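# A structural walkthrough
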Amino acid sequence: GGWQDPDALAAVLLCLAGAGFSGFNVTIPCKVAVVPHLHALEPSAAGVGAVNVVEVRRSSSPTASAVRLIGHNTDVLGVQHAFEEAGIFDRRSSAACGVGTVAVLGAGGIARAVLAALKEQGVLQVRIFDTDAARAAELADAFDGRGFEVVAVSSTEQAAFGAEGIVNASPVGMAGCAVLAHADADIWLAEPHVRWVADMVYNPAETHLVASARRLGLKVVSGDRIFLHQGAAGFEIMNPPLRADMAVLEATLAGLLAEHAQQVGASPPRPPLSPTTLAAGYTAALPGPTRGGPPLSRVVFGTARLRETRDPMGLLDAVWAAGVNTFDLARTYGGGEAPDGLRSPSGPADSRRSSDCGRGGAGSQATRWAAALDEVTLEAELKVSLAALDVPYLDCYMLHRDDEAEDVGHIVRFLSGLVGRGFALSYGFSNWRFERVVAAAAFADAHGLPPPAAVGPQFSLARPARPVWPGSTFLASSQDIEWYNNRGLAVFCWEVLGKGMLADPTQWAEAEASAPRAADVEALEAAVAGGKDLGTDEAFRAFCVKGAYVTRENFARRRRALALAEGKGEPLARVAVSYVLAQGPRFFAILGPRSPAHFAECLPAAALSRDEVLNLEQDDGGGADARCSANLRSAL
């Protein structure tokens, strides 16, 4: 806390200047805070706005006023040298080796040095994420327009999406921060465009991020190399005219890091990735007729972003090997390519044992997923999907959106006809209001037609403040949950990790919960219907996601889930998935992992106990939030 007190910081600087030192280093969190207390800045520091080396200059006069503190920044040089060593940049050229977008995680002093180095190499765009959103925005404003675009984003996923380089300029991964070191590394590295990774953390030199990147064959810059090069430059500033002996510095640094590792012991182990296969008890059958064979896995692989992963077929093989045999498909997923990638995870014979749940009846993101319920078009698209999958029928065909102007009885007759003609074994509704589902079931019962077998709302421990996407629904009422359980419907829950909020404990800052946002989705849908320009797709998606999930109540739920996960020695994502599956015997969790490691962290192990579920559902006042249904409480 003292470092954030300007008077205390100034007193420390005066003490160091009066102690006879020729200079000293500055590290986190003081690289920016120290700037106002110095007499002058060298160009290397002035252009960055951060200082990591202070030179003490003295005149021949013995008076205190003759002492001047001069700020330097050798971090930029250290980054440039280390990047050149790794074959990423060439300091003698302004070419960025084809790098268009770089993600920077952290917005402190070292992040400023990274941005300066990236600018010199001609990088086109940098996306910054920091848990302190204001600090990220301030840094973006300071560098944007200096020959490249710099933007602050609201999540690590947004920062990494489509990036060719990943830079960790935060303390995450540093000795003492081991729990957070593993939070997002595998998700970042699953981005197919990523070619290189740099970690500014130097203790330990081999962070989880660095080790994971090496295993994937990516170019890697470890923090100890940056530390070494900036240290050599700092040594020469403080000890003119001596030159740094790199061999001596390397040996000294290696010895210091090894000694520190022995003193503090090994880092706490990573939360176990086991089980590598789906545990017993996490399967169920859809209501109504089945094709026989094994039941459906209640962990469902979602294919919406499969094409964006580094190794789609390798990921599918890992999912299949884990015992997951249920896949969520839609023609709009992956630009219409997702079903083609799922012809068979492990060969044509195996495809007969998978369970395929398809969705139709919605437009693309360009139409904001508007309902498209023309019967001729629906049947034609269904035939195309069946051919792409090389299967004769789907286990369940669900309408992705609802048009409440359409008569519910007419829709039920059409879907029952598809089942009767052999296109699907059952049907259901995704993103239908509860009242419409009840009306559809009542119509089917009254007319002797197959009833709906499944629904597909958003449901997770992170409860949305409003529907996440235009035309979507979310499940929050305990009475609705109880009705679905009593009716025996399968509930296919999407965004069970709250768009990453329940996978990465650093995603979004609680201060953002008070930021202005749309009060309800009706206003958003009215804007879409009126043709209002909502900006880029990324801005639109961020508007939808943050407006739904960034609430103080959800941050409180995440804190409780993280405490439970740490107590169990399990990843946060596993607790979040287990919570969804605890809601009923036919609750399914749709996951869209970006890598096998991310997928393994989500696989549920032992079921949550009744007390654990109730604790997760507490409201801010300490009482249960009443979402857990009465029959679930008794079942638990």
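Structural data are supplied above this passage.
Residues numbered from 1 in each chain as written. Predicted model: local features only at pLDDT ≥ 70, side-chain atom pairs only at ≥ 80, totals over all residues. Heavy atoms only, no water.

### A closer look at the overall build of the protein
The secondary structure content of the protein amounts to 23 helices and 20 strands. The burial tally for the protein puts 53% of its 636 residues in the buried class. Here the contacts in the protein between residues at least 6 apart in sequence split such that 74% fall between residues at least 24 apart. (Helix = DSSP H or I, 4+ residues; strand = E, 2+ residues; numbered from the N terminus. Buried < 20%, exposed > 50% of the residue type's maximum accessible area, 1.4 Å probe, protein only. Contact = heavy atoms within 4.5 Å.)

### Here's the deal with a negative patch on the surface
Residues Asp-132, Glu-138, Asp-141, Asp-144 and Glu-149 make up a contiguous surface patch of negative charge. Residue position: Asp-141 is located in helix 5 (residues 133-143). By relative accessible area, which is 63% here, Asp-141 ends up exposed. (Patch = residues over 30% accessible without salt bridge, like charges linked within 9 Å, V, L, I, M, F, W, Y side chains within 5 Å. Areas by Shrake-Rupley, 256 points an atom, 1.4 Å probe, with all protein chains shown as cover. Salt bridge = Lys/Arg side-chain N within 4 Å of Asp/Glu carboxyl O. Lys, Arg positive; Asp, Glu negative; His and termini not counted. Charge placed at Lys NZ, Arg CZ, Asp CG, Glu CD.)

### Re the sheet that holds strand 9 (residues 196-199)
Taken in spatial order, the six strands line up as 7-6-5-8-9-10 in an open sheet, and their pairing is parallel. Only two strands of the sheet have a single partner each, and these edge strands are strand 7 (149-152) and strand 10 (219-221). Neighbour-to-neighbour, the strand axes of this sheet turn through a mean angle of 15°, independent of strand direction. Where strand 5 (residues 101-105) meets strand 8 (residues 165-168), four bridges bridge the pair, whose relative direction is parallel. Bridge assignment links Ala-103 to a residue of strand 8, and that residue is Ile-166. (Pairing = 2+ DSSP bridges. Axes fitted to C-alpha atoms, helices over the stretch in contact; angles between N-to-C directions.)

### Regarding the pairing of strand 16 (residues 396-399)
Taking every second residue as pointing to the same face, both faces of strand 16 are buried, with Cys-396 and Met-398 on one and Tyr-397 and Leu-399 on the other. The pairing of strand 16 with strand 17 (residues 427-430) spans three bridges and is classified as parallel. Counterpart to Leu-399 in the pairing with strand 17 is Phe-429. Considered for its hand, the β-α-β crossover made up of strand 16, helix 14 (residues 408-420) and strand 17 is right-handed. (Right-handed = clockwise from strand over helix to strand, strands pointing away.)

### Here's the deal with the environment of Pro-604
Note that Pro-604 resides in the loop between helix 21 (596-602) and helix 22 (610-616). Expressed as a C-alpha distance, the spacing of Pro-604 and Ala-573, which sit 31 residues apart in the sequence, is 8.9 Å.

### Digging into the nonpolar core
Counting residues in hydrophobic clusters, the biggest one holds 98 residues, and the most contacted among them are Tyr-397, Leu-415, Phe-429, Phe-492 and Leu-497. Looking at this core element by element, the count peaks at eight residues for helix 20 (residues 572-581). Residue contacts for Phe-492: discarding those within four places in its chain leaves Leu-286, Val-300, Thr-326, Cys-357, Met-398, Ala-454, Val-455, Gly-456, Pro-457, Phe-588 and Ile-590. Phe-83, Phe-89, Ala-116 and Met-200 belong to the second-largest nonpolar core, a separate cluster that totals 35 residues. (Core = buried A, V, L, I, M, F, W, Y, C linked by side-chain atoms within 4.5 Å.)

### Some details on the side chain of Asn-168
The topology assignment puts Asn-168 in strand 8. Under the relative-accessibility criterion, Asn-168 is labelled buried at 2%.

### Structural notes on the packing of aromatic side chains
This structure, assessed with the given rule, holds 12 aromatic pairs. Look at Phe-434 and Trp-483: their rings are 5.5 Å apart centre to centre, the planes differ by 90°, and that puts the pair in the edge-to-face class. One end of the pair, Phe-434, is in helix 15 (residues 434-446); the other, Trp-483, is in helix 16 (residues 478-487), and 49 residues separate them in sequence. By way of ring pairs, the aromatic residues Phe-301, Trp-320 and Phe-327 are connected into one cluster. Its end group placed over the ring of Trp-432, Arg-436 keeps NZ or CZ at 5.0 Å from the ring centre. (Phe/Tyr/Trp six-rings, centres within 6.5 Å; stacked < 30°, edge-to-face > 60°. Lys NZ or Arg CZ within 6 Å of the ring centre and 35° of its normal.)

### Things to note about the layout of surface pockets
If you roll a probe as big as a water molecule over the atoms, it shows you where there is empty space left. In this structure, the second largest pocket encloses a volume near 1100 Å³. In terms of residue class, the lining of the second largest pocket is made up of 27 nonpolar, 15 polar and six charged. (1 Å grid on protein atoms, 1.4 Å probe; cavity = no way out; pocket = protein on both sides within 12 Å on 5 of 7 lines; lining within 4 Å. Points joined across faces, edges and corners; volume = space filled by probe spheres on them. Nonpolar A, V, L, I, M, F, W, Y, C, P; charged D, E, K, R; others polar.)

### Section: the packing of helix 14 against helix 15
Axis separation between helix 14 and helix 15 bottoms out at 9 Å; the angle between their running directions is 65°. Judged by the sense of rotation from one axis to the other, the crossing of helix 14 with helix 15 is right-handed. Contact residues: Val-408, Gly-409, Ile-411, Val-412 and Arg-413 in helix 14; Arg-436, Ala-439, Ala-440, Phe-443 and Ala-444 in helix 15. For the contact of helix 14 with helix 15, a count of residues per class yields seven nonpolar, one polar and two charged. (Left-handed = near helix turned anticlockwise from the far one by under 90°.)

### A closer look at the pairing of strand 19 (residues 490-493)
Taking every second residue as pointing to the same face, both faces of strand 19 are buried, with Ala-490 and Phe-492 on one and Val-491 and Cys-493 on the other. Viewed along the sheet, the connection from strand 18 (residues 454-456) through helix 16 into strand 19 turns out right-handed. Note: strand 19 against strand 20 (residues 587-591), three bridges, orientation parallel. Looking across to strand 20, one finds that Val-491 is bridged to Phe-587.

### A closer look at the pattern of salt bridges
Inspection of the entire model under this criterion finds 18 salt bridges. A salt bridge links Lys-383 to Glu-379; the shortest N-O distance between them is 3.4 Å. Here the residue Lys-383 and the residue Glu-379 both occupy positions in helix 13 (residues 375-389), the gap between them amounting to four residues, near one helical turn. According to the relative accessible area criterion, Lys-383 is partly exposed, its value standing at 44%.

### Let's talk about helix 5
Turning to helix 5, its buried residues are Ala-136, Leu-139, Ala-140 and Phe-143. One side of helix 5 carries all its buried residues, which in axial view fall inside an arc of 100°. Seen from the open side of helix 5, the exposed residues pointing more than 90 degrees away from its buried face are Ala-134, Glu-138 and Asp-141. Of the surrounding elements, those touching the buried residues of helix 5 are helix 4 (109-120), strand 6 (125-129) and strand 7. Capping the start of helix 5 is the job of one residue whose side-chain oxygen sits 3.2 Å from the backbone nitrogen of Ala-134: Asp-132. (Arc of directions from axis to C-beta. Polar contact = N/O pair within 3.5 Å; in protein donor to acceptor, adjacent residues only side chain to side chain.)

### Remarks on the sheet that holds strand 4 (residues 67-72)
Read across the open sheet, the four strands follow the order 1-3-4-2; overall the sheet is mixed. Of all the strands in the sheet, the pair left with one neighbour each is strand 1 (23-25) and strand 2 (40-41). Note that strand 2 and strand 4 share two bridges and pair parallel. Across the sheet, Ala-40 pairs through a bridge with Ile-70, a residue of strand 4. Packing of helix 1 (residues 6-18) onto the sheet brings it into contact with strand 1, strand 3 (53-58) and strand 4, and relative to strand 4 it is tilted by some 110°.

### Regarding unusual backbone geometry
For the bond from Asn-203 to Pro-204, the omega torsion is 10°, close enough to zero to count as cis. For Pro-204, the location among the structural elements is in the loop between strand 9 and helix 9 (208-215). In this chain, Pro-240 is followed by Pro-241 through a cis amide linkage whose omega measures 0°. The residue Pro-241 is located in the loop between helix 10 (223-238) and helix 11 (246-264) in this model. Backbone geometry places Glu-495, a non-glycine residue, at a positive phi of 50°.

### Points about the environment of Val-419
Inspection of the secondary structure assignment puts Val-419 in helix 14. Looking at Val-419, the relative accessible area reads 18%, which means it is buried. Along the primary structure Val-419 and Tyr-397 are separated by 22 residues, whereas in three dimensions their C-alpha atoms are 8.8 Å apart. When neighbours within four sequence positions are excluded, Val-419 is seen to be in contact with Ala-424, Leu-425, Ser-426 and Tyr-427.

What is shown is where atoms sit, not what they do.
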